[in-house]
Amino acid sequence: MGYKEVYDSWKQDPEGFWMQAADAIDWFEKPTRALNDDNAPLYEWFSDGMVNTCWNAVDRHVEAGHGDRTAIIYDSPITDTKHKISYAELRDRVASLAGALRAKGIEKGDRVIIYMPMVPEALEAMLACARLGAVHSVVFGGFAANELAVRIDDAQPKAIIAASCGLEPGRVVHYKPLLDGAIDQASHKPEFCVIFQREQEVAHLEDGRDVDWHAFQYGVEPAECVPVEGNHPAYILYTSGTTGAPKGVIRATGGHLVALNWTMKNIYNVDPGDVFWAASDVGWVVGHSYICYGPLIHGNTTIVFEGKPVGTPDAGTFWRVISEHNVRSFFTAPTAFRAIKREDPKGECLKDYDISCLRALYLAGERADPDTIEWAQKIMGVPVYDHWWQTETGWTIAGNPAGVEALPVKIGSPTVAMPGYDIQILDEAGHQMPAGELGAIAVKLPLPPGTLPNLWNAEDRFRKSYLTTFPGYYETGDAGMIDEDGYVYIMARTDDVINVAGHRLSTGGMEEVLAAHPDVAECAVIGVTDELKGQLPVGFVCLTKGVDRAHDEIAKECVKLVREKIGPVAAFKLALVVDRLPKTRSGKILRATMVKIADGEEFKMPATIDDPAILDEIREALQSIGYAKA
Ligand code: COA
Ligand code: AMP
């Protein structure tokens with residue numbers, strides 16, 4: 001069957017399509033039906049099945065005789081370490097950790113926050129939670145204590161599992177003091193913390209609260225896999241929305257297993273036993289779906305890479321990892337390739353390595369610019385597949401189904417809708433737009449298995465953010481078009497979310513931080529185009545009347561404040577003090593116009609603008625930092 005037949009077979013019988021896909025998963029009790037629409041427009045999948053994620057990701061491969069197969073390859077150019085963990089070893093390590101968590105009271109449904117860098121123990125912590133039916137929430141290491149505190153208060157974890165430190169090139173990230181600070185700030189207090197002590201920095205353990213990762217496992221009974229309902233939350237992953245309060249995306253267990261397993265062959269074109277590598281971080285959705293769960297559920301070998309595309313030690317690192325570990329399919333963000341291209345434009349570093357094992361490169365997380373795609377294709381000699389998805393969906397909305405049929409690539413398009421997704425382009429009133437015309441991208445409900453059923457503790461926000469603008473559809477927050485051949489094009493976000501180096505960030509969240517500066521009366525943060533990171537945040541602040549301190553100093557304080565409150569990952573380094581912000585007559589800040597000015601693009605003067613002269617002031621301010629070139 002080709003792509004069209006597969007897509008049509010889903011369209012004709014969605015229930016049958018997903019029930020068949022569910023056969024590839026081990027169930028304690030098989031679900032009697034795929035979709036549960038009793039509570040539409042909220043949908044659930046495989047609600048009455050009983051299943052366990054860890055069993056499917058680990059134990060079943062050992063039971064099937066593949067215990068010797070490598071499950072995880074840890075490759076850390078930062079610490080100069082490499083080691084392999086087989087499926088049998090992984091089962092024992094995870095069962096022991098889960099046993100220790102259970103001995104301290106962790107049960108099905110309890111939340112556990114995981115705050116760890118790219119070490120195999122991060123995956124083991126996730127899997128140990130899954131083994132017990134506990135709901136994990138992994139927090140990315142580049143966030144500040146305040147962001148961690150917000151997540152602690154929302155998820156209300158019984159326990160936190162953290163590492164003593166993370167390692168960025170040339171800098172130790174002191175996780176433990178960040179964790180202690182976050183617990184101090186949060187109103188909710190976890191009962192205990194498990195600390196994985198890394199040799200690069202051993203952290204102080206708080207008496208009565210913190211236990212050592214190894215010591216607390218001593219003498220405990222390993223835990224078996226606990227069956228959970230198909231609609232039981234597997235995890236919560238917080239992502240940026242329009243405001244500073246992150247959205248807790250829920251992933252339900254049954255659909256997650258079925259959908260991810262389906263994608264491994266049909267999209268990523270790997271067979272069990274093949275090595276699959278996603279160079280991302282466990283703190284992001286790509287890390288959840290394609291460093292941890294997807295490859296392991298499907299019986300692949302996954303790589304936990306602790307390093308950067310450049311500088312650890314050079315622009316040849318990716319090629320080394322691919323050739324040394326025999327990687328078949330490789331997934332990363334376009335920004336990583338832009339970094340390599342900038343450092344090694346001719347691909348000289350590639351000459352030292354044989355990467356003929358590789359079949360394809362997959363890019364996602366942000367817009368893949370044509371230059372980067374063409375460059376990657378040329379130097380690597382493999383197809384480059386852009387694919388589009390979101391934290392909310394957990395897997396590809398539009399992609400190239402290479403394992404079914406490799407469709408011709410149209411550069412600039414992540415290709416076509418995957419089974420499960422009926423993608424439509426809508427105008428403001430919710431009418432379908434003709435082929436080739438721009439509009440909001442929406443997906444007809446229900447969304448497929450593996451996508452979010454709701455937001456944690458925030459059903460109203462879920463309905464408002466995704467289901468209200470276009471009744472009967474899921475609003476993606478992206479704008480774009482579909483051409484005559486059904487190829488999807490993603491152009492821009494329709495909200496205040498920006499994408500910096502493949503990291504999803506909220507400009508609204510940054511504005512909340514700037515507004516808290518005592519000298520700031522008003523502010524706006526926009527995302528300007530950046531050659532390396534795709535977008536970069538730039539903040540504009542207007543000062544409170546009577547403040548006559550040096551503008552440079554205030555700008556520096558603003559930069560420091562965002563780093564302290566949100567974290568280094570915000571990459572917020574540009575703050576400008578201006579007299580006024582451009583607004584409509586009704587007082588709405590014209591952020592989109594400011595972005596056009598910064599990027600040196602043509603724009604139409606907004607009809608409702610209050611005072612056009614302010615735009616010249618903004619242009620001048622941007623020119624002072626090298627933007628807004630004619
Ligand atoms: N823990 C702590 N800090 C982190 C971090 C982590 N896990 N990840 C990033 N940071 C810090 C960086 O050290 C940097 O700090 P600095 O301001 O002190 O230099 C800051 O956050 C910004 O990071 P980033 O935007 O990633 O920039 P960079 O200059 O460190 O690296 C790239 C640039 C392009 C090499 C890097 O962004 C990259 O590899 N991107 C791949 C994107 C990716 O994997 N995205 C995931 C979604 S698929
Ligand atoms: P995240 O939830 O962090 O994965 O970010 C999701 C957002 O990143 C999407 O809504 C898009 O705005 C953007 N994005 C992800 N993949 C792509 C892609 N292939 N092309 C364009 N934008 C993308």
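Look up a bit, the structure's there.
The shown structure was predicted, so the numbers you read here are calculated from the model rather than taken from an experiment.

## Focus on the overall build of the protein chain
Here comes step 1: Check the secondary structure of the protein chain and you find 17 helices and 31 strands.
Here comes step 2: Over its C-alpha atoms the protein chain spans a radius of gyration of 24 Å, differing by no more than 12% from the 25 Å that the globule rule assigns to 630 residues.
Here comes step 3: Along the three orthogonal principal directions, the C-alpha set of the protein chain runs to about 70 × 60 × 55 Å.
Here comes step 4: A total of 630 residues make up the protein chain; the buried ones form 60% of that total.
Here comes step 5: Taking contacts inside the protein chain between residues at least 6 apart in sequence as the whole, the part at least 24 apart equals 70%.
Here comes step 6: Total accessible area on the protein chain stands at roughly 24,300 Å², and carbon and sulfur atoms take up 49% of it.
Here comes step 7: With 60 positive and 89 negative side-chain charges, the protein chain shows a spacing of 2 Å between the two charge centroids.

## What about the site of ligand 2?
Here comes step 1: Surrounding ligand 2, one finds 15 residues, the nearest of these being His387, Thr391, Asp478, Arg493 and Arg504.
Here comes step 2: Between Asp478 and ligand 2, the recorded distance is 2.6 Å, taken from a side-chain N or O atom to an oxygen atom.
Here comes step 3: Arg493 has a polar side-chain atom sitting 2.7 Å from an oxygen atom of ligand 2.
Here comes step 4: For ligand 2, the protein covers 92% of the area, taking 490 Å² as the surface of the free molecule.
Here comes step 5: Residue classes in the shell around ligand 2 are distributed as four nonpolar, five polar and six charged.

## Side note on the site of ligand 1
Here comes step 1: Around ligand 1 sit 23 residues, and of these Glu168, Arg171, Lys533, Arg563 and Lys573 come closest.
Here comes step 2: Here Arg171 contributes a side-chain N or O atom positioned 2.7 Å from an oxygen atom of ligand 1.
Here comes step 3: Pro568 is positioned with one of its backbone polar atoms (N or O) 3.4 Å from an oxygen atom of ligand 1.
Here comes step 4: The protein chains hide 83% of the 940 Å² of surface that ligand 1 would expose on its own.
Here comes step 5: For the shell around ligand 1, a count of residues per class yields ten nonpolar, six polar and seven charged.

## Focus on the environment of Ala163
Here comes step 1: Looking at where Ala163 falls in the secondary structure, it is placed in strand 8 (residues 159–163).
Here comes step 2: For Ala163, a relative accessible area of 0% corresponds to the buried category.
Here comes step 3: Once residues lying within four places of it in the same chain are set aside, the contact partners of Ala163 are Tyr115, Met116, Pro117, Tyr175, Lys176, Ile195, Phe196 and Arg198.

## Topic: the packing of aromatic side chains
Here comes step 1: In total, this model carries 36 aromatic pairs according to the counting rule given.
Here comes step 2: For the pair Phe143 and Trp284, a centre-to-centre distance of 6.1 Å together with 65° between the ring planes defines the contact as edge-to-face. On the criterion of sequence distance, the pair formed by Phe143 in the loop between strand 7 (135–138) and helix 6 (145–155) and Trp284 in the loop between strand 16 (275–278) and helix 9 (285–297) is long-range, its members being 141 residues apart.
Here comes step 3: The buried category is assigned to Trp284, whose relative accessible area is 15%.
Here comes step 4: Just above the ring of Phe143 sits the side chain of Arg151; from NZ or CZ to the centre is 4.6 Å.

## With respect to the sheet that holds strand 23 (residues 423–426)
Here comes step 1: The antiparallel open sheet is built from four strands, whose spatial order is 23-24-25-26. Strand pairing shows two members of the sheet lacking a second neighbour, strand 23 and strand 26 (488–493), which therefore form its edges. Each adjacent strand pair in this sheet contributes to an overall mean axis angle of 50°, direction not counted.
Here comes step 2: Strand direction decides the pairing type here: strand 23 and strand 24 (residues 439–444), joined by four bridges, are antiparallel.

## Observations regarding the sheet that holds strand 16
Here comes step 1: The strand order 5-4-17-16-18-19-20 describes an open sheet built from seven strands, whose pairing is mixed. The open sheet is flanked by strand 5 (81–86) and strand 20 (384–386), the only strands paired with a single partner. Averaged over all pairs of adjacent strands, the angle between strand axes in this sheet comes to 20°, irrespective of strand direction.
Here comes step 2: Bridging between strand 4 (residues 70–76) and strand 17 (residues 301–305) involves four bridges; their strand directions are parallel. Across the sheet, Ile72 pairs through a bridge with Thr302, a residue of strand 17.

## Details of unusual backbone geometry
Here comes step 1: Residue Pro41 is bonded to the preceding Ala40 through a cis peptide linkage, with omega at 10°.
Here comes step 2: Within the secondary structure layout, Pro41 lies in the loop between strand 1 (35–36) and strand 2 (44–45).
Here comes step 3: The omega angle of the peptide bond from Leu445 to Pro446 is -5°, so this bond is cis rather than trans.
Here comes step 4: Along the polypeptide, Pro446 turns up in the loop between strand 24 and helix 13 (459–467).
Here comes step 5: Residue Thr415 is not a glycine yet carries a positive backbone phi of 85°.

Criteria and cut-off values
- Residues numbered from 1 in each chain as written.
- Chains lettered and ligands numbered in written order.
- Predicted model: local features only at pLDDT ≥ 70, side-chain atom pairs only at ≥ 80, totals over all residues.
- Heavy atoms only, no water.
- Helix = DSSP H or I, 4+ residues; strand = E, 2+ residues; numbered from the N terminus.
- Rg over C-alpha atoms; globule rule 2.2 N^0.38 Å.
- Buried < 20%, exposed > 50% of the residue type's maximum accessible area, 1.4 Å probe, protein only.
- Contact = heavy atoms within 4.5 Å.
- Areas by Shrake-Rupley, 256 points an atom, 1.4 Å probe, with all protein chains shown as cover.
- Lys, Arg positive; Asp, Glu negative; His and termini not counted.
- Charge placed at Lys NZ, Arg CZ, Asp CG, Glu CD.
- Near = heavy atom within 4 Å.
- Polar contact = N/O pair within 3.5 Å; in protein donor to acceptor, adjacent residues only side chain to side chain.
- Nonpolar A, V, L, I, M, F, W, Y, C, P; charged D, E, K, R; others polar.
- Phe/Tyr/Trp six-rings, centres within 6.5 Å; stacked < 30°, edge-to-face > 60°.
- Lys NZ or Arg CZ within 6 Å of the ring centre and 35° of its normal.
- Pairing = 2+ DSSP bridges.
- Axes fitted to C-alpha atoms, helices over the stretch in contact; angles between N-to-C directions.

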